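Each chain, letter by letter, is given below.
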Amino acid sequence: MEKSVFPKKFNGNIQLHYDILKKELERVDGKKVLELATGSGNAVNFLNKNNQYTGIDISPGLLRKACQRFRNNGFQNAEFFLTGAEDLPFQDGMFDIVICHLSLNFFSNIEKAILESTRVSKEYAIFFGSVPIPERKSNDAIIRGKLFSKEELKNIFEKFGWEFDSLPEINGALLYFKAEKRKQQSS
Ligand SMILES: C[S@@+](CC[C@H](N)C(=O)[O-])C[C@H]1O[C@@H](n2cnc3c(N)ncnc32)[C@H](O)[C@@H]1O
């Protein structure tokens, strides 16, 4: 994610974005964190380095950048996997928290990605995301991928047993949300 495209695309402020993510994640420490769509590793801007971080993405080039940035930023415990969010190479019930920023709109099958997140996360895990939604998008913004409304996102998460809450923060087209995994899904 280039800093320069953020205001134009999302009609929002990138520093505010990181401030929101930092505030939500500052107490997450020593946890097993899975990030869907790591990109170039922007999570170093808001994630505590004492977490056990696992990042996945479909872009080998971005993952290489992310790996370097995590190393340069003192993350001792970070690993990266080249894979789609729809098919995660992890065992059931591994992660305390799943994060996904600015990416749900790109997934080829969002339901499969949330189902997989449900499978690999622990009971009462938290999913913390930010995503552009159509009802907040300005007319001239070009946002690629498939956009889901707040209601649609809530329905998808609830279908897989997550309690979904949107956060009050407003930053252009973005919706910030948290979901808590309530029920163990049978596979
Ligand atoms: C706009 S970038 C966001 C990257 C990062 N989360 C951030 O906030 O900077 C979108 C990312 O989604 C990744 N992506 C697209 N489809 C994906 C999929 N099916 N599974 C995993 N990652 C995917 C892209 O490779 C890209 O890194």
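Procedures and definitions
- Residues numbered from 1 in each chain as written.
- Predicted model: local features only at pLDDT ≥ 70, side-chain atom pairs only at ≥ 80, totals over all residues.
- Heavy atoms only, no water.
- Helix = DSSP H or I, 4+ residues; strand = E, 2+ residues; numbered from the N terminus.
- Rg over C-alpha atoms; globule rule 2.2 N^0.38 Å.
- Buried < 20%, exposed > 50% of the residue type's maximum accessible area, 1.4 Å probe, protein only.
- Contact = heavy atoms within 4.5 Å.
- Areas by Shrake-Rupley, 256 points an atom, 1.4 Å probe, with all protein chains shown as cover.
- Pairing = 2+ DSSP bridges.
- Right-handed = clockwise from strand over helix to strand, strands pointing away.
- Axes fitted to C-alpha atoms, helices over the stretch in contact; angles between N-to-C directions.
- Salt bridge = Lys/Arg side-chain N within 4 Å of Asp/Glu carboxyl O.
- Near = heavy atom within 4 Å.
- Polar contact = N/O pair within 3.5 Å; in protein donor to acceptor, adjacent residues only side chain to side chain.
- Nonpolar A, V, L, I, M, F, W, Y, C, P; charged D, E, K, R; others polar.

Participant: Tell me about the overall build of the protein, and name the residues and values.
Facilitator: Looking only at helices and strands, one finds five helices and seven strands in the protein. The order of helices and strands in the protein, counted from the N terminus, is α-α-β-β-α-β-β-α-β-α-β-β. On C-alpha atoms alone, the protein measures out to a radius of gyration of 15 Å, which is about the 16 Å that the 2.2 N^0.38 rule sets for 187 residues. Taken over the C-alpha atoms alone, the protein extends approximately 40 × 40 × 30 Å along its principal axes. Taking all 187 residues of the protein together, 50% fall into the buried category. When contacts within the protein are restricted to residue pairs at least 6 apart in sequence, long-range pairs at least 24 apart make up 67% of them. As presented, the protein carries roughly 9400 Å² of accessible surface, and 47% of it is formed by carbon and sulfur atoms.

Participant: So what's going on with the pairing of strand β4 (residues 95–101)? Which residues, and what values?
Facilitator: Along β4, seven of the seven residues are buried, which leaves the element largely enclosed by surrounding structure. Note that strand β1 (residues 32–36) and β4 share three bridges and pair parallel. Looking at the pairing, Leu34 lines up with Val98 of β4. The pairing of β4 with strand β5 (residues 121–132) spans six bridges and is parallel. Directly across from Ile99, in β5, lies its bridge partner Phe128. The handedness of the β4 to β5 crossover, carried by helix α4 (residues 110–120), is right-handed.

Participant: How would you explain the sheet that holds strand β3 (residues 78–82) if you had to name every residue and give the values?
Facilitator: Note: strands within a sheet are paired through backbone hydrogen bonds, in either parallel or antiparallel orientation. Judged by pairing direction, the sheet is mixed, and its seven strands sit side by side in the order β3-β2-β1-β4-β5-β7-β6 without closing on themselves. At either margin of the open sheet sits one strand with a lone partner, and together these are β3 and β6 (162–166). Adjacent strand axes in the sheet meet at a mean angle of 20°, parallel and antiparallel pairs treated alike. Sheet strands touched by helix α3 (residues 60–72): β2 (52–57) and β3. Its angle to β3, the strand with the most contacts, is close to 180°. Packing of α4 onto the sheet brings it into contact with β1, β4, β5, β6 and β7 (174–181), and relative to β5 it is tilted by some 145°.

Participant: Could you give an account of the pattern of salt bridges, with specific residues and numbers?
Facilitator: One pass over the full model with this rule turns up nine salt bridges. A salt bridge links Lys178 to Glu24; the nearest nitrogen and oxygen atoms lie 2.8 Å apart. Of this pair, Lys178 sits in strand β7 while Glu24 sits in helix α2 (residues 14–25), and the two are 154 residues apart along the sequence. Its relative accessible area of 17% is what places Glu24 among the buried residues. In this structure, the salt-bridge partner of Arg119 is Glu116, at a minimum N-O distance of 2.7 Å. Of this pair, Arg119 and Glu116 both sit in helix α4, three residues apart, which is roughly one turn of the helix. Judged by its relative accessible area of 11%, Glu116 is buried. Linked through salt bridges whose partners overlap, the residues forming this network are Asp92, Glu116 and Arg119.

Participant: Could you give an account of the site of the ligand, with specific residues and numbers?
Facilitator: As a matter of local geometry, the ligand sits amid 20 residues, with Ala37, Asn42, Asp57, Ala85 and His101 nearest to it. Between the ligand and Ala85, the relevant distance is 2.9 Å, taken from a nitrogen atom to a main-chain nitrogen or oxygen of the residue. Residue Glu86 places a side-chain N or O atom 3.1 Å away from a nitrogen atom belonging to the ligand. Starting from 600 Å² of accessible surface for the ligand in isolation, the protein chains cover 89%. Classifying every residue of the shell around the ligand by side-chain character gives nine nonpolar, eight polar and three charged.

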